[in-house]
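# Close look at the chain arrangement
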Amino acid sequence: MGFETCGPNEVMVVSGCCHSGSTFIPGGRVFVWPVIQKLQKLSLNTMTLQIESPNVYTQLGVAVSVTGIAQVKIQGSSKEMLESACELFLGKTNHDIERVALETLEGHQRAIMGNMTVEEIYKDRKKFSKAVFEVASSDLVNMGICVVSYTLKDIRDDKEPYSGYLKYLGMAQTATVKRDARMGEAEARMEAGIREANAEEKRLAARYSTDIDIAKSQRDFELKKAAYDMEIQTKKAQSDLAYDLQAAKTKQAIKEEDMQVKVIERTQQIQLQEQEITRRERELEATVRKPADAEKYRLEKIAEANRTRVILEAEAEAESIKVKGEAEAFAVEAKAKAEAEQMAKKADAWKDYQDAAMVDMILETLPKIAAEISAPLCQTSKITMVSSGKGDVGAAKLSGEVLTLMEKMPHVVENLTGINITKNIKAATRR
């Protein structure tokens, strides 16, 4: 037997003889009978748990990952919670206790994430932490574990295609803050401008009021001064007017004398100008008009001569064309008469010598036919001949073929015209 002690961060559990149930001694000492009694210790230290919930779909179906930090410990001040904790964890290591608490907290964390939107988790972390803390506390208290604190450490969206969702939320919030800041600045500037305008309005009102008073005083002074000046000027004007009237009369008399002199001078100038005009008209008549009339006469005569020449040339050309046409017509008529006379003579000759004439024509045509037959041979650059060994060979062969064709011509002519060329040639020879 002996005494056992423990620190304030532990609880001793004594069970066995002399105890109707387990005895819990948190941070103290106890007498333990060996063999008949059993002493076990349970740590009351705070355990720090990092709760990872990767890729959990939130209320609107957006997947995010959340990391939370929780501080938990076995509650040593409550006998009921100690009994529950001893029942579940006595004899187990701290790692086993941490694993159970971690899995419980992670499940509650995932459940809370599924019931909230990303915006709610991101913008109101305190609400999320409070919800997890309350739900987890109500569940872990039955295990004798007390949740000291829970904090949302990190939220991220690293799963495609939701990556960047939180970034865009932040950008929207930043834009909102900037917008509000600009609006506040604009409102402040507007208020400052209004105040400045009001102050300027008051300043100008005071200034205009002072200017009006000054203007009134200035007006009264000017009116009185004008009245005095008018009286002085009236007297002065009367005096000046009497002087000016006398001076004007004297000047009028002088001007009348000057006008008489100028009239005489002007009359003499007019006479001189009339004489100059007459002289210039005579000079113009001698130097411009007469040469112009002479030139006009010369040009008219040249134009008339050119017109006459053109008319004569046209008449000569027409007469030439007429004569040429008559000559050509006479030549055509003479040629036609000659040809007609020749044809008549040929017709008369053919009446007497019908067969002989036709034979003559045929004989004149035969060389032309022979030339046409041999023309393709004259244009041939190369001829290859194959002989069977009988008859002529070479140029003699070609000449023979041409002559053979010519020999057949009387038969062709007889078949076409009914005239026997051979018979007529013999008859003509006998004559």
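Residues numbered from 1 in each chain as written. Predicted model: local features only at pLDDT ≥ 70, side-chain atom pairs only at ≥ 80, totals over all residues. Heavy atoms only, no water.

Attention now moves to the pattern of salt bridges. Under the definition given, this model contains 11 salt bridges. When the shortest N-O distance is used, the salt bridge between aspartate 154 and arginine 156 registers 3.3 Å. Judged by its relative accessible area of 31%, aspartate 154 falls in the partly exposed class. Notably, a salt bridge pairs glutamate 276 with arginine 279, separated by 2.3 Å at the nearest N-O pair. Here the residue glutamate 276 and the residue arginine 279 both occupy positions in helix α5 (residues 165–352), the gap between them amounting to 3 residues, near one helical turn. For glutamate 276, a relative accessible area of 29% puts it in the partly exposed group. The exposure class assigned to arginine 279 is partly exposed, which follows from its relative accessible area of 42%. (Salt bridge = Lys/Arg side-chain N within 4 Å of Asp/Glu carboxyl O. Buried < 20%, exposed > 50% of the residue type's maximum accessible area, 1.4 Å probe, protein only. Helix = DSSP H or I, 4+ residues; strand = E, 2+ residues; numbered from the N terminus.)

Turning to the nonpolar core, a few remarks are in order. Of all hydrophobic cores here, the largest spans 36 residues; its most connected members are Leu42, Val72, Ile74, Leu105, Phe128 and Ile145. Elements supplying a minimum of two residues to this core: β2 (10–16), β6 (47–57), β7 (63–74), α1 (79–89), α2 (94–114), α3 (118–123), α4 (125–140) and β8 (145–156). If we skip the residues at most four places from it in the chain, leucine 105 touches Leu49, Ile51, Ala70, Val72, Ala136 and Leu140. (Core = buried A, V, L, I, M, F, W, Y, C linked by side-chain atoms within 4.5 Å. Contact = heavy atoms within 4.5 Å.)

A word on the pairing of β6. Of the strand pairs in this sheet, β6 and β7 are connected by 9 bridges, and their pairing is antiparallel. Looking at β7, one finds that leucine 49 is bridged to alanine 70. (Pairing = 2+ DSSP bridges.)

A separate point is the sheet that holds β7. Pairing within the open sheet is antiparallel, and its 3 strands lie in the order β6-β7-β8. Across the chains shown, the open sheet's two edge strands, defined by having one partner strand only, are β6 and β8. The sheet shows a mean angle of 20° between the axes of neighbouring strands, taken without regard to direction. Along the sheet, α2 makes contact with β6, β7 and β8, crossing β6 at roughly 35°. In this fold α4 packs onto β7 and β8, with an angle of close to 145° to the strand it touches most, β8. (Axes fitted to C-alpha atoms, helices over the stretch in contact; angles between N-to-C directions.)

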